[in-house]
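Fold and contact review
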Amino acid sequence: MSHLPVLLVIVYLGSAFLTPLLSRLKRFSANWFAVGVAALGLLVSGTSALYLAEVGPFSYFPGGHPLPWGIEISVDWVAVYMQLTINFIAFMVLIYSKADLIREVEQGAISWYYTLFFLLMAALNGLALAADLFNIYVFTEISSLTACALVAIKSQRQCVEASLKYMILSTLGSGMVLLGISLIYMVTGHLNINVLGQALPAAFAAYPWNILVALSLFIIGFGIKSALFPLHVWLPDAHSSAPTPSSAVLSGLVIKVYVIVLAKIIFQVFGIDLFSAIPIPEVLLLLATFGIFAGSILAIGQKDIKRMLAYSSVAQICYIYMGLALVTETGAVGGLLHVFNHAVMKSSLFLAAGAIIYKTGIRKIEDLAGIGYRMPITMAVFSVGALSMVGIPGFSGFISKYYLAFGALDAGKPFYVAVILLSSLLNAIYYFPIIVRAFFGQGGGKFSRDNLPRMMSLPMLVLAGITVYFGILPGGLVKIVELAAATWLR
Amino acid sequence: MQDMVLQTVAKLLIPFIQLYGMYVIFHGHISPGGGFAGGAIVASSYILYALAHDVGAGFKQFPRLVAKWLESLGGLIFLLVGLVGIIRGVQFLTNIPEWLGQVGSIFSAGIIPLLTVAIGMKVCSTIVTLFYNLMEEDHD
Amino acid sequence: MISNLVDNLHFLTAILLFLIGFHTMLTHSNLIKKIIGMNIMETGIFLFFISIGYVEGGSAPIIREGTAMVNPLPSALILTGIVVGVSLTAFALALVIKLYRYYGTIDADEIMRLRSNEE
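What you see is a predicted model; the values in this text were computed from it and never measured. (Residues numbered from 1 in each chain as written. Chains lettered and ligands numbered in written order. Predicted model: local features only at pLDDT ≥ 70, side-chain atom pairs only at ≥ 80, totals over all residues.)

A tally of helices and strands in chain B yields 5 helices and 0 strands. For chain B, the N- to C-terminal ordering of α and β elements is α-α-α-α-α. On the principal axes, the C-alpha backbone points of chain B span a range of 55 × 30 × 15 Å. Across the 140 residues in chain B, those meeting the buried criterion constitute 33%. Here the contacts in chain B between residues at least 6 apart in sequence split such that 67% fall between residues at least 24 apart. (Helix = DSSP H or I, 4+ residues; strand = E, 2+ residues; numbered from the N terminus. Buried ≥ 20, exposed ≤ 12 C-beta atoms within 10 Å, placed from the backbone. Contact = placed C-beta atoms within 7 Å.)

The next thing to look at is the packing of helix 4 (residues 64–87) of chain B against helix 5 (residues 112–136) of chain B. Packed helices, taken two at a time, are described by the angle their axes make and the gap between the axes. Residues and elements named next belong to chain B. Look at helix 4 against helix 5: their axes get within 8 Å of each other, and the N-to-C directions meet at 155 degrees. In terms of their interaxial angle, helix 4 and helix 5 are classed as roughly antiparallel. Of the two elements, helix 4 crosses helix 5, and the hand of that crossing is left-handed. Contacts between helix 4 and helix 5 involve Ala67, Leu70, Glu71, Leu73, Gly74, Gly75, Ile77, Phe78 and Val81 from the first element and Leu114, Leu115, Ala118, Ile119, Met121, Lys122, Ser125, Thr126, Val128 and Thr129 from the second. Here the residues of the contact of helix 4 with helix 5 are counted per class, giving 12 nonpolar, 5 polar and 2 charged. (Axes fitted to C-alpha atoms, helices over the stretch in contact; angles between N-to-C directions. Parallel < 35°, antiparallel > 145°, perpendicular 65-115°, else oblique. Left-handed = near helix turned anticlockwise from the far one by under 90°. Nonpolar A, V, L, I, M, F, W, Y, C, P; charged D, E, K, R; others polar.)

With that out of the way, let us pick up the environment of Val259 of chain A. Residues and elements named next belong to chain A. Turning to its location among the elements, Val259 is positioned in helix 10 (residues 244–277). Given 24 C-beta atoms within 10 Å, Val259 falls into the buried group. Taking the C-alpha atoms as reference points, Val259 and Ile219, separated by 40 residues in sequence, lie 9.6 Å from one another. Look past the residues within four positions of Val259 in its chain and what remains in contact with it is Ser226, Ile317, Ile320 and Tyr321.

This part covers the interface of chain A and chain B. Interfaces are often sized by the accessible area lost when the parts come together. The interface is formed by 14 residues belonging to chain A together with 11 residues belonging to chain B. Of the residues belonging to the side of chain A that touches chain B, the class tally is 10 nonpolar, 4 polar and no charged.

Right, let's talk about the confidence of the model for chain C for a bit. All names here are of chain C. Within chain C, residue pLDDT values average 88, and 98% of them lie at 70 or more. Averaged over each element, pLDDT in chain C is lowest for helix 5 (residues 108–118) (85) and highest for helix 3 (residues 31–52) (93). Quick note on the complex model: pTM equals 0.94, ipTM equals 0.93. (pLDDT = per-residue confidence, 0-100.)

Structural data, given as structure tokens:
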């Protein structure tokens, strides 16, 4: 039973290797196989969550080698929370992709799409579990490469350019992370996160510059990959030109896993004392504030709907950074809660936008007049996602902003409550016109049926339902997140 | 580059390159090298062949189907050998103590030679596929 | 001062390579030069990491009778890093070939100009 988290990564890797072989069979449907594997993955992560609730956090050593020499995989509440988020969103997006991918990617490339998707899932699950700096580096590289390939697989001009830009900037980030790892290894001689957490104060007393430079390299390296404010320039092109299932996964999962990995390294290797002594939280809060405002203001002026959603992602990632940089328990709960909530909301928004493009081919916002009457279910899902993003009570976005505001008050920085309120207003400025134009524009009249394939409407409805459910009854989710935040901010 | 001198020299050298590559793969647990380096060496022999003759002739020696099978099999063998550890009741990728022979002999170190061969197969087919696909762009 | 420089020559060379590669990646407009810059930058980082593992008077890490050995851990880690670098280079080159087919040029400024002319 304790093998389950590792088995998750093995299942995804094995399916990635099997898919090219199996797609040579005549009646093999790559998509049903993918949905089956994702369902299995969701089941395994749910079972490991229940097992963790019984036994408590534990460590797993592949190869059986004990600590100073072996690789450790630490299964704690953060890992399980991230795994549940990753597998759930992947399951929903894979169901959606059955109908949608044929229109966006050529026929021969579909089985390769699923191979890349499984490698990305294996790498993201591995990042959630890894407790060893070099494992983190290897999984980071796998996930960056497959994410770039998932953008470039649609062979249009913008996709290839966006993918090249993403790849060059991402390699810069990985190089900096590797340099940071080597600086830490140089003075301590360990690579395991828990052992480093104990050995670091002595090393900091002897070699302060190494540790400080390593910390800054980590922040900038992972900041490039997770689109922290001034380093976000690759995100709008990449997420808006990718095929819809890739955009949903990239915006909803990939950038967040990097934030969680950075937080894991900072809280468990460097420790809260070092982190607060140098003014890193203040710098992160400043960048996060700029990012929230810049992302929202730039999103207001966009004409293409997917590009607007991509700029909105830039703003929302900064909420998570803000929650983690206010070094309090409530703030961390808010930030971690926003990981799941934003993943669900942003995926439902991207899937709804993709459904609109699938049915009518409309990408520009000004052409969306009256579309609420032609596609009522899709626009209902879009409205639920938009209202939740703004933070209207009754939807899950409100709960995470509530915890963030209380975290800011706990840290003694009430300025950030004003930031949250003002940015919610800015969010409303660019989301509400779409809803108004869709339902009250010209071309109105009576509602007609959506006529979307059922495989596309079902995931959207489930995601919207989850947004509403966790807005009204957030208890279970908040309990898991509180346990997760307690592992870092003991 | 269809030069007769190049073709003759390649014909003489390729067996030795492949033998050296396989030596590096199989002695991965005793001497420096292992899967990555050995796989790259074996791949370079196929690339030499394709450079001396035509890419089409290169594809006849290393068809796309063989490459696909080698890649998938390499990865799957790695995962299956690791799962043997779980079946025996210990952790993933644990070594098998009965197979740990004497340090320095070729039949030693448990499952490590199997993993090295799997990695060698995978790396070789990957590098050959990459080069053949990039060379083929020229001929379209 | 000079003995300090000579003692740390490997670190200085590694950082110099990193900076040269970084500068090339960001400033040159030819896409192939950007990829070459990426490779030079990665080479600098690998040199930095491997040179940490050196032990004075050590030999290769193969078991023999009682000799000092060089630390094998950085070499094993960097082998993985080199393979990752090769994959990234291959992928980037494939993307550049596709861009050349679409635009007829591999100069990044030229491509920006053509793109803004289209829109």
